[in-house]
Amino acid sequence: MTERADVVVVGARCAGAALACHLARTGRTVVVVDAAPAGSGQPSSTHLIQPPGIDELDGLGVGDEVRRRAPALTTMRLEFDGHQVDLSYRPGRPAHCLRREALDPLLQEAAARAGADLRAGTRTVGLVRDGDGRVVGIETRQRDGTTARVLAGLVVGADGRASTVARLVGAREYLGYDAPRGSYWAYWPRPAGWPPHLVYNGSFGDDNHVAFPTDGDLLLVATSPPTPRARAWRGEHRTEYLASVATNPTLARALAGSEPVGEVRGVASGRYFFRAAAGPGWALAGDAGHHKDFVAGLGITDALRDARGLAAAVAEGTDHALVAYWRRRDADRVEMARWARTLGAADRVNRLERLAARRAAHDPSLAPRLGAVFDGLLSPFLLVPPGRALRWSLAEAARGRPGVLAPLLANGARTVEARAQLARMTRAAAATGPSRCPPRR
Ligand SMILES: Cc1cc2nc3c(=O)[nH]c(=O)nc-3n(C[C@H](O)[C@H](O)[C@H](O)COP(=O)(O)OP(=O)(O)OC[C@H]3O[C@@H](n4cnc5c(N)ncnc54)[C@H](O)[C@@H]3O)c2cc1C
């Protein structure tokens, strides 16, 4: 069987369902296929959605429902070897954390309401090309073995980090590296003493734990051990997860006497990367085109942004517009990806982090800077102003603790490298022409 559509999208979650919604609203015929059966719940992902992601959800008409189900998260408590500091999102611009088994159906329903044709249990197994090698469609296989073709003017891979479309088109990877940490998580009843607005991110030694209040009055608690340790947990991951959570004094105290609700899920390894996101007859959106360390909690937000950016490029109707979408994506994401790489490194808490947490806890002017970072108003590398970090560090060294200087220098080098990458990618984006997809804010 062969069908035709204006656009065929492979993958029906944050990137794919959102893109289908945007495209169908403009009157295009859109077929969206997903290998997963209908109602197949939660992919392997936690689900903090940053404020710009909530903006995107508003644009798709589902933001109010997300706000209704999941509490507003206004404060992020960071902890480094016992030194705590509270940072804040900007007033009126909280994050939310809705389980994917609730979020993804909301997006799929929005796409269907807009007129997209969603097909669950339909795996893309091949591409159709014309005589010039241009991609002009997909080959699919249903769970019962039935095969079919959908021909389209554009094929979009929104099929996640192990993207079949990216593999079939040979999308080039760059800035890639193996994930330094795995992650395991479970849902706990939110303890009475845990405020519903408080996100926690705590590091002790080389361990990292996060806790996010989520829908159903639950607390998502995740531990992210270095990859070799996470790999060794296979088969024992529930026991190891519980043992790891118990080593974090803040979580151990909050969760004492409680048990997780349901299973412990996780990933032991992975890879972070950028991929070329457009070519003749094809484009990539979401994790298929760029997957960054989950520590920044930005994958969902960025997949939703890709959806809007790519829809705007499709409206222009040229291959050049698709390339411009790809280059703008790179310039938009590279700094955060580089920051996430720094935060997610499998190293131990260093003296600079301990010092910064101690000092920042007494400097209220720093707290709102976190929200400015997530809203794209401030470089993540300027979360602590460099001049202040330098003053704190020199004062610490003068007190006979020079160990703070090595991480300060390493941070400086990483900042320079990230800014250089940003400058290169901004130039490449500018060379493709002006943006037709302005930031939502
Ligand atoms: C451990 C972990 C924790 C994370 N925590 C967060 C967080 O707190 N906040 C955040 O914003 N992000 C987080 N992320 C990232 C986030 O999960 C992703 O960025 C997001 O899911 C990307 O959405 P997507 O639509 O691109 O891909 P996915 O959500 O991966 O969806 C891809 C879809 O494609 C389908 N598919 C795959 N192959 C085929 C095929 N051949 N044919 C048809 N369909 C196919 C799949 O069935 C799937 O439904 C985390 C990731 C990990 C690994």
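Check the entry above for the structure.
Residues numbered from 1 in each chain as written. Predicted model: local features only at pLDDT ≥ 70, side-chain atom pairs only at ≥ 80, totals over all residues. Heavy atoms only, no water.

**Side note on the overall build of the protein**
Next, step 1: The number of helices and strands found in the protein is 14 helices and 20 strands.
Next, step 2: The C-alpha atoms of the protein give a radius of gyration of 22 Å, which matches the 22 Å a tight globule of 441 residues would have.
Next, step 3: Once the C-alpha set of the protein is aligned to its principal axes, its extents read approximately 75 × 50 × 40 Å.
Next, step 4: Counting across all 441 residues of the protein, residues that qualify as buried make up 54%.
Next, step 5: Relative to all contacts within the protein whose residues are 6 or more apart in sequence, the contacts with residues 24 or more apart total 74%.
Next, step 6: As displayed, the protein offers around 18200 Å² of accessible surface, 52% of which is attributable to carbon and sulfur atoms.
Next, step 7: Averaging the coordinates of the 59 positive side-chain charges in the protein and doing the same for the 45 negative ones gives two points 4 Å apart. (Helix = DSSP H or I, 4+ residues; strand = E, 2+ residues; numbered from the N terminus. Rg over C-alpha atoms; globule rule 2.2 N^0.38 Å. Buried < 20%, exposed > 50% of the residue type's maximum accessible area, 1.4 Å probe, protein only. Contact = heavy atoms within 4.5 Å. Areas by Shrake-Rupley, 256 points an atom, 1.4 Å probe, with all protein chains shown as cover. Lys, Arg positive; Asp, Glu negative; His and termini not counted. Charge placed at Lys NZ, Arg CZ, Asp CG, Glu CD.)

**Section: the sheet that holds strand β17 (residues 271-275)**
Next, step 1: Pairing is antiparallel across the open sheet formed by 3 strands, whose spatial order is β11-β17-β20. What marks the edges here is a single partner per strand, and that holds for β11 (173-178) and β20 (290-291).
Next, step 2: By the bridge criterion, 4 bridges tie β11 to β17 in an arrangement that is antiparallel. For Asp 178, the partnering residue across the bridge sits in β17 and is Arg 271.
Next, step 3: Packing against the sheet, helix α10 (residues 319-344) makes contact with β11, β17 and β20, and its axis sits at approximately 160° to β17. (Pairing = 2+ DSSP bridges. Axes fitted to C-alpha atoms, helices over the stretch in contact; angles between N-to-C directions.)

**With respect to the site of the ligand**
Next, step 1: Surrounding the ligand, one finds 34 residues, the nearest of these being Arg 13, Asp 34, Ser 45, Thr 46 and Asp 287.
Next, step 2: In the model, an oxygen atom of the ligand is placed 2.6 Å from a nitrogen or oxygen of the Ser 45 side chain.
Next, step 3: For the ligand, the accessible surface in isolation is 1000 Å², of which the surrounding protein chains cover 92%.
Next, step 4: Mapped onto the shell around the ligand, the elements with two or more residues apiece are α1 (14-25), β8 (122-129), β12 (183-189) and α9 (299-316).
Next, step 5: Across the shell around the ligand, the residue classes tally to 14 nonpolar, 13 polar and 7 charged. (Near = heavy atom within 4 Å. Polar contact = N/O pair within 3.5 Å; in protein donor to acceptor, adjacent residues only side chain to side chain. Nonpolar A, V, L, I, M, F, W, Y, C, P; charged D, E, K, R; others polar.)

**Structural notes on α9**
Next, step 1: Here α9 spans 26 Å end to end across 18 residues, near enough to the 26 Å set by a 1.5 Å rise per residue.
Next, step 2: Taking burial as the measure, the 18 residues of α9 include 14 buried ones, the bulk of the element.
Next, step 3: Downstream of α9 by a residue or two, Gly 317 has a phi angle that is positive, lying close to 80°. (Expected span 1.5 Å × (residues − 1).)

**Regarding the packing of helix α2 (residues 51-59) against α9**
Next, step 1: With their axes 8 Å apart at the nearest point, α2 and α9 run at an angle of 45° to one another. The orientation of α2 with respect to α9, classified from their angle, is oblique. Pair α2 / α9 crosses with left-handed handedness. Residues Pro 52, Gly 53, Glu 56 and Leu 57 of α2 pack against Thr 301, Leu 304, Arg 305 and Arg 308 of α9.
Next, step 2: Across the contact of α2 with α9, the residue classes break down as 3 nonpolar, 2 polar and 3 charged. (Parallel < 35°, antiparallel > 145°, perpendicular 65-115°, else oblique. Left-handed = near helix turned anticlockwise from the far one by under 90°.)

**Digging into the pairing of strand β5 (residues 83-88)**
Next, step 1: With 6 bridges joining them, strand β4 (residues 75-80) and β5 adopt antiparallel strand pairing. Opposite Leu 78, over in β5, you have Val 85 as the bridge partner.

**Here's the deal with the sheet that holds strand β15 (residues 218-223)**
Next, step 1: Taken in spatial order, the 7 strands line up as β5-β4-β13-β14-β15-β12-β16 in an open sheet, and their pairing is mixed. For this open sheet the edge positions go to β5 and β16 (261-267), each flanked by a neighbour on one side alone. Going across the sheet, the axis of each strand differs from the next one's by a mean of 15°, ignoring polarity.
Next, step 2: Pairing of strand β14 (residues 207-214) with β15, which is carried by 6 bridges, proceeds in the antiparallel orientation. Paired with His 209 across the bridge in β15 is Thr 223.

**Concerning helix α14 (residues 405-431)**
Next, step 1: An ideal rise of 1.5 Å per residue puts 39 Å on 27 residues; α14 measures up with 39 Å between its terminal C-alpha atoms.
Next, step 2: Taken as a whole, α14 has its buried residues at Pro 407, Leu 408, Ala 418, Gln 421, Leu 422, Met 425 and Ala 429.
Next, step 3: Each element contacted by the buried residues of α14 is listed here: β11, α10, α11 (351-360) and α13 (386-398).
Next, step 4: Residue Gly 433 follows α14 closely and has a positive phi angle near 110°.

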